[in-house]
Every structure is written in C-alpha cells, then in structure tokens.
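Chain residues, written in single-letter form:
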Amino acid sequence: MVASLAVLRCQVRKAFLNVKSLQENTIVYYNNAVKRDVNVAKNVSRAESSLPEYPPIKPRYPPGIWKDMDSSYAWIWQKTIDDLWDISDVKGRQEYILRNEMSHINILPHNDHPNYLEFAKYASKSVLLPWSEFVVNSLHDTLDEDLFDKMKKIITDHLLIEHEAVEREISNKESTLNLKKRRAALVLRNIVDTLLTHLNQKANHLRTCQYDENVIVRAVWDRHGIERKRRHRLSPSSFKIDDVLDQRLTSSCIFNGMIRSHLPLPQVHPRDSGLSTESEKPVLQYKFPCYGVSKLQTSKAQSILAGHILGDPCEYGTVGFLLTNRKEKLSSNLGSKILKECRLARGLTSTFTWLAAQAYNQGFSGFIDLTYPLTSQTVMSDGKNFSFIACQLNTLELWKSDKANEIVNLCWHSDEMPLYDCIENGQVKGFNDEVLQMLVNVFLLEPVERGYDMKPTISDKDTNLHHKCDFIPEKVEEVVEQKVEQYVV
C-alpha cells in the first residue's frame, strides 16, 4: 500500500514537471515569435522608407477648355495665368503683361484698305448687328417736348455761328479740310455741352460724370489664327523657333470726346446667351497684309489706357466721340461703300480698344477672362452727319480657338444720318429730329449698379477710392489770424 502511494506521487510529480516545462516552452516560443514579428515589421518599414517617392501624376491638360491646342503649349499658357493670379493688384498685372518686348501687329486708327473691316471684325472677334436691336433704357417717354425744342434751338444757333465763322475764314490760306475739322470739333463740343447741361435734370448720372477731350486709349491682346514665330529656349546656348497661332495685337487711338461714370452701363445680353455663343464667328481667309495691316513690329507696349489715370473713380466709359472729316477725300478715291466700311471699322476698333482697356483696369485680361460683360457707346460725326456704335465686350480670351472659346463680342451700328440738310440765308434747313433723339437716347442710357464685385479677381483694391461718391471736393476754409498792431507811445 505504501509502495503504491509512492509510485503515484512520483507519477503526479513527473506530470506536473512536464506541464511546467510545456508552459515554459510555450512562453519562450511566443516571445520568440513576437520578437520575430517586430523584426519583420522593422525590416518592412526600412524597406518602404528606402523606396523613392514619386510626384503626383500631372494631367495632360491644365484645368479649363483647350480643345485642339497642343498640351505642352497649353501648360505654357497656364504658367502665365498662374503667375497673374498670384499678383493681387491691377497695376502689377498690367506691368507683368507688358514686361517683355514682343512682335506685334499695330492696328492704326485710320485704315483705308477695302478689306479692313473684315480684319477689324476678326481682330476683335465681333459680330455686327443693326442698331435697331440695341435695347436702350432711355427716358424718351418722360422727356418734355419743351425741353427737346429748347435743346434743338440752342444747337441750331451753334450751327449758324460756326457756319458763319467758317465762311469768313474760307478765304484764308488754311485748307478747307482743317477748317471743317475745327468746325466739326466745335459743333460736337457744343452739342455735348447742351445735352449735358439740360439732360442732367432727368438723369442723375450726368451730374456726376466726367467729360474729357482728346483722350488717348490704348490696349493689347492676343488673337488666335494669326501665325507668328515663337522662340523656345532649349538650353542657355540654344533655342528653337516654333510656329504658333496667337499673334499679339496692339491698338492706340484718340477719342475727341469721352464721357465716363463711376458705374458701368447695363449689359444688353448675358455673356453666355445664345447670341453671344451661337453667332457665326468671324473668319480670316488671308494673311494679315492682305487687309492693309502694317507689318510686324518688335517693341515693348507703352501702357494700357482707358482714357483716365488708373484709380479714377469714373472708370467706366458711357459715350465716346470720334470725328470723321476725311470722308470727302476717301469717297472720291474709294467710293461710298468702302467709305462706310472704313468708318465702321474705325468705330469698331476704337470702341473695342476702349472696352479692353476698361476690362484691364478691372483686373481682367486675355489670361484672366471677364466674368461679366462691359458696354460702351460711340458717336461718330463730321459736324453734320452722325452714326452710332455700341459694343458689348464678352471675352478677351481671344488667343483660344473658336472651339475652345465659343463666346463672341457684340457690336451694334447704325447708318450715317444727317443732322440737317443745309444752311442757307442764315437758316438751318431740314433739321433731323430723329438724329437728335438718338443722341438724347445715348446720353440717357443710365449706368447701373451691377450688384456684384466688379473686381472679383483682385484682392488688393482701394474700396474707399472706387466707391467714392463725393466727386466735388469740399471747400476748405482757411482761418486767418489777424494780428493786432501795437504802437509804441
């Protein structure tokens, strides 16, 4: 019995030792496994950290619509766009665009070539429309007939005075053309003064507007479809010349008169309307020398001017005036049809240049396109005959093809109409009330508050300057101290 108990104790002790040994082996195995996993994780992390880091995949084209443009050339344009977005003020953006000398086509204000109108339409990407479709917000229904007759009487008196002055000087050595040009300028000034003086009773915007004479307007833009040579540098010592289809255009003209306001004219049609996107685009069938355009020039553009110093509160053009006193000479050489087209081309180019410069002053350009349209009107006259032009600028992104940018600019125009038939025996005969009424409608087209930021892409802007309503400075009274004279007795 005692022997059997001793054997049982030995078996139990042996089993206990086996279980303890198994537990110790399990713990050792577990610890080794954990150490092995940690080492593997460390090795994997070292391997991952040693792998090269790749940049994000660059898309083929930049954001936007590019269509048939080469992808590498699109990224070059995008680089300029990004640089301009980084500039926060209007002056800095204009200086950046004008910083380099570039080959450009200089569009002259007067061009007598028979096909120049086709080039003017293509250069500005404009569609011509009849003046009857230009919707004006006039106050003709509320205009007093007595006021209309009063303005008519004043203008008639001015016409008689200037006609007599020309007749007295016609015997002098001064040419007839110069006399008629001076007379036309004086007649136009008197008409503007008369309308501004009497119509401000009906239109508040005429009380705060600014009127200037002999105003320089200048702008630059790039136009698709005109081939140019582009120098592409491959290394510091070598470069390559590529043929691209985006020629720089420059235009400079002088307005004989200009009315500006601190608010813009209303838009006639939305920028993305069917008329602006579905109209037939102008086409340039031949190379630019075939249209009487000057040869390429390589120089640095001087500046961008909209008829005023940058920062003027009245920065939106309402009405511009151009004299057309060369028509008699042109009519005898080219005929009435070509004369009409040359006059229209001049008005279109001048008004487009004016609107482009206004857009630049709002921070837009061909690289940062307009987000809203701008509108201006132009009156062309030789002192007797008048014609009217109104343009709506929808886009300056003209360096893109029509597929990439389907928006066009709009231009309404009228035929030339005489203000009167003749002046005989001290009387103005055949005065045309319709022409005077059209002038009244042009002046009464009231600028409006658009209801949105006019400089949405500019962060550094002087809001106090551009929202200034006190256009007449207050009179400053100086206090003069009177000194009492003292006498020595």
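All of these numbers come straight from a predicted model, not from anything done at the bench.

## Some remarks on the overall build of the protein
Along the backbone of the protein there are 12 helices and 13 strands. Here the protein holds 489 residues, and 45% of them are scored as buried. For the protein, the proportion of contacts with a sequence separation of at least 24, taken over those separated by at least 6, is 78%. Only carbon and sulfur atoms are counted for the fraction: they give 53% of the accessible area of the protein, which is about 27700 Å².

## Focus: the environment of N200
Turning to its location among the elements, N200 is positioned in the loop between α6 (176–199) and α7 (205–208). N200 sits 243 residues away from F443 along the chain, and the two C-alpha atoms are 9.6 Å apart. Apart from residues lying up to four places away in sequence, N200 is in contact with L195, L206 and R207.

## Re the environment of K152
Along the chain, the position of K152 falls in helix α5 (residues 145–169). Once the C-alpha coordinates of K152 and D433 are considered, the two residues, 281 residues apart in sequence, prove to be 8.3 Å apart. Among all residues touching K152, those that are not within four sequence positions of it are F431, D433 and L436. Side-chain polar atoms of K152 contact the side chain of D433, separated by 3.1 Å.

## Let's talk about the packing of helix α4 (residues 116–124) against helix α10 (residues 336–361)
Two numbers describe how α4 lies on α10: the axes approach to 8 Å, and their chain directions differ by 20 degrees. If you check the angle between α4 and α10, you find them roughly parallel. At the point where α4 passes α10, the crossing takes the left-handed sense. Contacts between α4 and α10 pair Y116, L117, A120, K121 and S124 from the former with E341, L344, A345, L348, T349 and F352 from the latter.

## Thoughts on the packing of aromatic side chains
Taken as a whole, this structure holds 16 aromatic pairs when the rule is applied. The interplanar angle of 50 degrees and the centroid separation of 5.0 Å between the aromatic rings of F255 and W354 together place this pair among those described as tilted. Residue F255 is located in strand β4 (residues 238–261), and its partner W354 is located in helix α10; the two are separated by 99 residues in the primary sequence. Side by side, F255 and W354 carry an identical accessibility label, which is buried. Taken together, a centroid distance of 6.3 Å and an interplanar angle of 40 degrees make the contact between Y286 and Y291 tilted. You can call Y291 buried: its relative accessible area is 4%. Among the aromatic side chains, those forming a connected cluster through ring pairs are W66, Y73, W77, F367 and W399. In this arrangement the basic side chain of K400 is found over the ring face of W66, its NZ or CZ atom lying 4.6 Å from the centre.

## Looking at the nonpolar core
Ranked by size, the top nonpolar core spans 63 residues in total, and within it F119, I226, L374 and L396 carry the most contacts. Sort the elements by how many residues they give to this core and α10 lands first, with 10 residues. Excluding residues that lie within four positions of it along the chain, I226 makes contacts with I105, F119, Y122, V244, L245, D246, Q247, L249, L284 and F288. Counting 50 residues, the second largest nonpolar core, distinct from the first, contains L196, L199, L439 and L444.

## Brief notes about the packing of helix α2 (residues 71–85) against helix α3 (residues 90–97)
Their axes nearest at 10 Å, the elements α2 and α3 cross at an angle of 150 degrees. When the axes of α2 and α3 are compared, the pair comes out roughly antiparallel. For the crossing formed where α2 meets α3, the hand is right-handed. From α2, T80, D83, L84 and W85 reach across to α3, where they touch R93, Y96 and I97. Residue composition of the contact of α2 with α3, grouped by class: four nonpolar, one polar and two charged.

## Section: the pattern of salt bridges
Summed over all chains, the structure comprises 16 salt bridges. Between R260 and D212 there is a salt bridge; the shortest N-O distance is 2.6 Å. Of this pair, R260 sits in strand β4 while D212 sits in strand β3 (residues 210–235), and the two are 48 residues apart along the sequence. Classification of R260 by relative accessible area gives buried; the value is 2%.

## Considerations on unusual backbone geometry
Phi angles above zero are rare outside glycine, and N214 is one such case at about 55 degrees. By the secondary structure assignment, N214 is in strand β3. Overall, the relative accessible area of 56% leaves N214 in the exposed class. Non-glycine residue N425 carries a positive phi angle of around 55 degrees.

Cut-offs used in this document
- Residues numbered from 1 in each chain as written.
- Predicted model: local features only at pLDDT ≥ 70, side-chain atom pairs only at ≥ 80, totals over all residues.
- Heavy atoms only, no water.
- Helix = DSSP H or I, 4+ residues; strand = E, 2+ residues; numbered from the N terminus.
- Buried < 20%, exposed > 50% of the residue type's maximum accessible area, 1.4 Å probe, protein only.
- Contact = heavy atoms within 4.5 Å.
- Areas by Shrake-Rupley, 256 points an atom, 1.4 Å probe, with all protein chains shown as cover.
- Polar contact = N/O pair within 3.5 Å; in protein donor to acceptor, adjacent residues only side chain to side chain.
- Axes fitted to C-alpha atoms, helices over the stretch in contact; angles between N-to-C directions.
- Parallel < 35°, antiparallel > 145°, perpendicular 65-115°, else oblique.
- Left-handed = near helix turned anticlockwise from the far one by under 90°.
- Phe/Tyr/Trp six-rings, centres within 6.5 Å; stacked < 30°, edge-to-face > 60°.
- Lys NZ or Arg CZ within 6 Å of the ring centre and 35° of its normal.
- Core = buried A, V, L, I, M, F, W, Y, C linked by side-chain atoms within 4.5 Å.
- Nonpolar A, V, L, I, M, F, W, Y, C, P; charged D, E, K, R; others polar.
- Salt bridge = Lys/Arg side-chain N within 4 Å of Asp/Glu carboxyl O.

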